[in-house]
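Given next are the chains, with one letter for each unit.
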Amino acid sequence: MEYSPILHNLYVVPSSHVRNKLFVFCVMLSLWVYMIYCCVGYCSTVPNLAYANRRESDADADNNRGSSAGASRDLLNDLDSRGDEWEDIRGETKALDDNAMSGFFNETESKKLPQAIIIGVKKGGTRALLEFLRLHPDVRAVGAEPHFFDRNYDKGLEWYRDLMPKSSEGQLTMEKTPSYYVTREVPARIYCMSKDTKLIVVVRDPVTRAISDYTQTRSKKPDIPSFESLTFKNMSAGLIDTTWSAVQIGMYAKHLERWLQFFPAEQLLFVSGERLITDPAGEMARVQDFLGLRRVITEKYFHFNPAKGFPCLKRPEGNSKPHCLGKTKGRTHPNIDPEVVQRLRDFYKPFNRKFYKMTGYDFGWDSEE
């Protein structure tokens with residue numbers, strides 16, 4: 001076979017210098033491939049992380065809805081007129097306030113059991129008070145009524161704690177469930193949770209409250225009997241039916257006796273539902289002092305709506321339109337027989353006077369005869 005220079009060159013073994021270059025090239029190529037692979041893998045996870053964060057944000061929004069400087073909504077819409085179960089009203093309008101949003105990723109925030117509770121009374125003005133308090137930067141409150149101490153107590157304190165919004169050190173966690181005040185077992189249960197819990201009760205003229213309670217019920221069940229027939233066990237004898245909840249709730253002194261068996265009087269604050277309408281800033285000063293809060297909610301937060309007859313909330317800064325109560329508030333009361341109204345006033349008079357003495361506060365209901 002003849003010698004061929006071409007074939008000889010093809011079979012020449014590469015020098016060590018060439019081999020080193022090939023090795024470096026392969027290493028660099030491998031590194032680039034690995035980096036591209038990592039980048040692709042990372043990018044593919046980004047949407048999932050965003051989705052997870054969004055779900056976490058939505059979950060926190062459920063607990064923090066409508067907190068201190070909440071988004072626009074009907075501020076005085078009373079949840080007493082809706083379903084009572086937590087699951088039924090959990091889907092309400094909800095929003096994170098500026099404080100909640102700014103502290104969302106703050107690891108110092110945690111869910112705490114409430115240090116203060118609005119325990120009553122139904123149709124007294126509890127929703128208005130809660131919404132006023134939500135404007136305070138140091139208050140974090142649940143929007144819906146948990147009904148833990150009267151209907152869900154068997155679910156345990158951890159279930160209850162999980163309903164609370166996250167709060168940071170120095171913020172006050174609150175909730176409101178108006179039926180607590182008239183439920184026999186509740187005082188002992190709240191005492192077992194914390195004997196230092198501050199309790200707030202919003203009360204109003206028991207006769208007006210009873211008529212308002214009836215009006216709400218009739219809006220849902222138009223075929224219910226008349227107010228007059230429900231008020232009396234025996235119309236001719238004039239015997240009041242104290243088993244009817246609309247009447248029973250207004251016997252404030254009787255219910256207060258149970259609470260004073262567990263809590264000292266200075267741990268309960270009684271707010272006038274009437275003055276919460278006519279002088280909201282004055283009543284809010286009392287509430288903020290009782291809770292140990294700075295007096296942030298003042299007259300500059302309120303705008304009286306003469307058409308509604310209720311105060312509306314406004315932001316002190318800016319020219320935003322005041323936010324007023326929802327359509328369920330301010331219902332027209334039915335015309336009640338004046339004789340029935342007077343008999344009710346006479347019935348409540350001894351309870352009212354005892355209540356004034358127990359609380360050290362004259363609400364002036366007896367002067368409306």
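Residues numbered from 1 in each chain as written. Predicted model: local features only at pLDDT ≥ 70, side-chain atom pairs only at ≥ 80, totals over all residues. Heavy atoms only, no water.

Once that is clear, we can look at the overall build of the protein. Across its full length, the protein holds 14 helices and 11 strands. A fraction of 75% describes how many contacts in the protein between residues 6 or more apart in sequence connect residues 24 or more apart. In the form shown here, the protein has an accessible surface area of approximately 19,600 Å², with 56% of it arising from carbon and sulfur atoms. (Helix = DSSP H or I, 4+ residues; strand = E, 2+ residues; numbered from the N terminus. Contact = heavy atoms within 4.5 Å. Areas by Shrake-Rupley, 256 points an atom, 1.4 Å probe, with all protein chains shown as cover.)

Let's shift gears to the side chain of aspartate 205. Counting through the fold element by element, aspartate 205 comes out in the loop between β6 (198-203) and α8 (206-220). A distance of 3.0 Å separates the side chain of aspartate 205 from the side chain of arginine 345, its partner in a polar contact. (Polar contact = N/O pair within 3.5 Å; in protein donor to acceptor, adjacent residues only side chain to side chain.)

A few words now on the packing of aromatic side chains. Two aromatic rings are characterised by how far apart their centres lie and by the angle between their planes. Scanning the entire structure with this criterion turns up 26 aromatic pairs. With a centroid separation of 4.4 Å and 10 degrees between ring planes, the pair formed by phenylalanine 148 and tyrosine 160 is classed as stacked. Placement of phenylalanine 148 in the loop between β3 (139-141) and α6 (157-163) and of tyrosine 160 in helix α6 is noted, with a sequence separation of 12 residues between them. Both residues of the pair, phenylalanine 148 and tyrosine 160, count as buried. Between the aromatic rings of tyrosine 191 and phenylalanine 262, the centroid separation amounts to 6.0 Å while the plane-to-plane angle is 55 degrees, which identifies the pairing as tilted. (Phe/Tyr/Trp six-rings, centres within 6.5 Å; stacked < 30°, edge-to-face > 60°. Buried < 20%, exposed > 50% of the residue type's maximum accessible area, 1.4 Å probe, protein only.)

In this section: the nonpolar core. One finds Tyr181, Trp259 and Phe355 to be the most contacted residues of the largest nonpolar core, which totals 30 residues. Looking at this core, the elements with two or more residues in it are β2 (116-120), α6, α7 (186-193), β6, α11 (252-259), β9 (268-272) and α14 (338-359). When residues in this core are grouped by element, the largest group, four residues, is from α11. What phenylalanine 355 contacts, discounting residues up to four positions off in sequence, is Tyr181, Val203, Tyr252, Ala253, Leu256, Phe270, Phe363 and Trp365. Of all hydrophobic cores here, the second largest spans 28 residues; its members include Leu129, Leu133, Val139 and Val202. (Core = buried A, V, L, I, M, F, W, Y, C linked by side-chain atoms within 4.5 Å.)

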